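Commentary on secondary and tertiary structure
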Amino acid sequence: MSLSRQALFVDADSIPFTLHSSFEGLNIVVLLSISINTRNKHFPQVLNRIEARAASRPIEHFDSFSREPVLCEVAGVNGSIVLLECIVITDELEKLEEEATSEVPRDSAVNRDLMINAVINSEDQLAHAAVFRWLLTKKKTNVILQSKSPFIEFFLVQEINAGRGQKYFDLLWRFYEKSGNYDKAARLLSKLAENDNWKMGLSQRCAYLSHAILCAQSCKDASITANIDELRDRLDVANIQMRIKDTLDSPRNENIVKKLDGPILSLQELLIQFVVPFKLYKIKLALLHCANMYVEEHIFETWENIIQDEFLTARDEGTLCEQLANTIGELFQIYRDTKYFPLEFIIQRTLEIGSGGISDTQTQRLILPPSFYPVVCKRVELSICDFLKITSNEFRVGGDAWWLNNSGGQVYITKVVIRMTRNVVKELESQPTAIRRTTARECLTHILPFIRRACDVSASLHLQTMGNELTALQNRLSEFSN
């Protein structure tokens, strides 16, 4: 059978490639090098069916979906080579796909894969594009990415330029990554994450940035690897925005959450528009850390608000102890060994506020029991001896004058010291002699100011009674120190 090829191209604009200059000479037929002598006994039937279908169609007929010509020459050469036009191919692929998913699939799946591989191994660009589109409709994107087709990038770029949607961007960066073009993948992922015009969720933007970092790390281009820190900074900002969104997520904040679930905002925008108005103190600390903005006054103020907030929101003593210990412990894991976790300030303010002082709103606080402090020391990896040192300095300096001017405050902090000193004595009983001696001497120095105050004639009767207990603990520590 022989048909003229002169009428194959009717409308250049119907072909989604910018090849108008060489349009008349473009070959649209695809070479399928599939042997009829294959093991698959059904394949000759497929070839005959394709040839019959091609011969029955008018030469200038256009497929209504793809707008591409449907017919070209179909010929057999020595029983092993068949020339097929791309739409005939996709029609047959569709039929084979239906047969492959039927109750009796026979060899349809094998025939389908043979046809796909034959097209991909050919040099016909439009046939590649037709098969790519068919594969995408069947959600077989991995077949495209795993193929060795030289036309994948061109096809995807043209589909993107034609406004086909985000899925083609996703395929393009995955193609770059798969083919080892990590620099192109990283650049594209970064642009996708920062695109303000797309209606894309924040979680997707975070995912793009995360993958951009991975690609940049695998890249040998120095200009790309130099931007890894910048990508990480942007991801940190996006993660802070995600925390704000999750914290504020409620029906009454629907519009606010919608704004947050979009383009990545700047730290300043997040601070002014969300963190400060909604009193998100923990997130403010994260924001200051992310911005590398350290002003001691701001850090102390933020921690003050974090601690105060736990006291104001706790329902009872048990809830307070659990929430405050968890908050301090979690933030310690994030900011340990940095200026954003001022340990001494945190201990001092916890003692002062936990003693039952009056807040700025003149609301009576819950009181932290002395049993709370061994727990929090463990959470922040602070030895009891070091805790006693901080407490002693606080008491001697006077803190906010609560300890010096309020007998209740003095009783409270002395109770805490007694509880912690008991723990020290208990621990020292099982320690080697050298460690016992050093630790005991240090602790004796730290509890001495409390003993002096409790034994003072001006001290309350309750405080004097606790002074006797402290003296007994002092004697025990003296035994260990010798």
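- Per an unreviewed UniProt entry, the protein chain goes by the name Nucleoporin_C domain-containing protein and belongs to Caenorhabditis japonica.
- Regarding the protein chain, the UniProt comment filed under Sequence similarities (unreviewed entry) reads as follows: "Belongs to the non-repetitive/WGA-negative nucleoporin family."
- Quoted straight from UniProt, the Subcellular location (unreviewed entry) entry for the protein chain says "Nucleus".

Describing the packing of aromatic side chains
- Tallied over the entire structure, the rule returns 11 aromatic pairs.
- Aromatic pair Phe-300 and Phe-345: ring centres 4.3 Å apart, planes at 5 degrees, arrangement stacked. Residue Phe-300 is found in helix α15 (residues 296–313), and its partner Phe-345 is found in helix α17 (residues 343–354); the two are separated by 45 residues along the sequence.
- Overall, the relative accessible area of 15% leaves Phe-345 in the buried class.
- Linked through ring pairs, Phe-372, Tyr-373, Phe-387 and Tyr-412 together constitute an aromatic cluster.
- Between the NZ or CZ atom of Lys-339 and the centre of the ring of Tyr-294, over which it lies, the distance is 4.5 Å.

Digging into the nonpolar core
- Core analysis: the biggest nonpolar cluster contains 126 residues, and Ile-244 and Trp-303 have the highest contact counts within it.
- Ranked by residues supplied to this core, first place goes to helix α21 (residues 407–428) with 10 residues.
- Once residues lying within four places of it in the same chain are set aside, the contact partners of Trp-303 are Leu-285, Leu-331, Tyr-340, Phe-341, Pro-342, Phe-345 and Ile-346.

So, unusual backbone geometry
- Of note, Asp-337 is a non-glycine position whose phi angle comes to about 60 degrees, a positive value.
- Along the chain, Asp-337 falls in the loop between α16 (317–335) and α17.
- Classification of Asp-337 as exposed rests on a relative accessible area of 78%.
- Positive phi values are uncommon outside glycine, yet Glu-381 reaches one of about 55 degrees.
- You can see Glu-381 is positioned in the loop between α18 (372–379) and α19 (384–397).
- For Glu-381, a relative accessible area of 54% corresponds to the exposed category.

Some points on α16
- Spanning 19 residues, α16 covers 27 Å between terminal C-alpha atoms, matching the ideal 27 Å at 1.5 Å per step.
- Taken residue by residue, α16 has Thr-319, Leu-320, Cys-321, Leu-324, Ala-325, Thr-327, Ile-328, Gly-329, Leu-331, Phe-332 and Tyr-335 as its buried positions.
- Those residues of α16 hidden inside the fold are in contact with α14 (281–290), α15, α17 and α18.
- Where α16 begins, one side-chain oxygen reaches toward the backbone nitrogen of Gly-318, 3.3 Å away; that side chain belongs to Asp-316.
- Taken from the residues just after α16, Asp-337 is the one with a positive phi, measuring 60 degrees.

Some thoughts on the pattern of salt bridges
- The tally for this structure, following the rule as stated, stands at 15 salt bridges.
- Here Arg-349 and Glu-304 are joined by a salt bridge, their closest N and O atoms 2.6 Å apart. Placement of Arg-349 in helix α17 and of Glu-304 in helix α15 is noted, with a sequence separation of 45 residues between them. Comparing Arg-349 with Glu-304 shows no difference in burial state: the two are buried.
- Between Glu-381 and Arg-336 there is a salt bridge, with its nearest N and O atoms 2.6 Å apart. Of this pair, Glu-381 sits in the loop between α18 and α19 while Arg-336 sits in the loop between α16 and α17, and the two are 45 residues apart along the sequence.

Points about the environment of Ser-371
- The topology assignment puts Ser-371 in the loop between α17 and α18.
- Relative accessible area serves as the criterion here: at 33%, Ser-371 is assigned to the partly exposed category.
- Considering only alpha carbons, one finds Ser-371 and Arg-419, 48 residues apart in sequence, at a separation of 7.3 Å.

With respect to the side chain of Glu-310
- Its place among the elements puts Glu-310 in helix α15.
- Side-chain polar atoms of Glu-310 contact the side chain of Thr-327, separated by 2.8 Å.
- Non-local contacts of Glu-310, meaning those with residues more than four positions away in its chain, are made with Lys-282, Leu-320, Gln-323, Leu-324 and Thr-327.

Observations regarding the packing of helix α8 (residues 182–194) against helix α9 (residues 202–218)
- Contact geometry for α8 and α9: axes closest at 8 Å, N-to-C directions at 160 degrees. The angle between α8 and α9 falls in the class roughly antiparallel. In terms of crossing hand, the pair formed by α8 and α9 is left-handed. In this structure, α8 contributes Tyr-182, Ala-185, Ala-186, Leu-189, Ser-190, Leu-192, Ala-193 and Glu-194 to the contact, and α9 contributes Arg-205, Tyr-208, Leu-209, His-211, Ala-212, Cys-215, Ala-216 and Ser-218.
- Residue composition of the contact of α8 with α9, by class: 11 nonpolar, 3 polar and 2 charged.

Calculation rules
Residues numbered from 1 in each chain as written. Predicted model: local features only at pLDDT ≥ 70, side-chain atom pairs only at ≥ 80, totals over all residues. Heavy atoms only, no water. UniProt positions renumbered as here; feature names shortened; annotations may be inferred. Phe/Tyr/Trp six-rings, centres within 6.5 Å; stacked < 30°, edge-to-face > 60°. Helix = DSSP H or I, 4+ residues; strand = E, 2+ residues; numbered from the N terminus. Buried < 20%, exposed > 50% of the residue type's maximum accessible area, 1.4 Å probe, protein only. Lys NZ or Arg CZ within 6 Å of the ring centre and 35° of its normal. Core = buried A, V, L, I, M, F, W, Y, C linked by side-chain atoms within 4.5 Å. Contact = heavy atoms within 4.5 Å. Expected span 1.5 Å × (residues − 1). Polar contact = N/O pair within 3.5 Å; in protein donor to acceptor, adjacent residues only side chain to side chain. Salt bridge = Lys/Arg side-chain N within 4 Å of Asp/Glu carboxyl O. Axes fitted to C-alpha atoms, helices over the stretch in contact; angles between N-to-C directions. Parallel < 35°, antiparallel > 145°, perpendicular 65-115°, else oblique. Left-handed = near helix turned anticlockwise from the far one by under 90°. Nonpolar A, V, L, I, M, F, W, Y, C, P; charged D, E, K, R; others polar.

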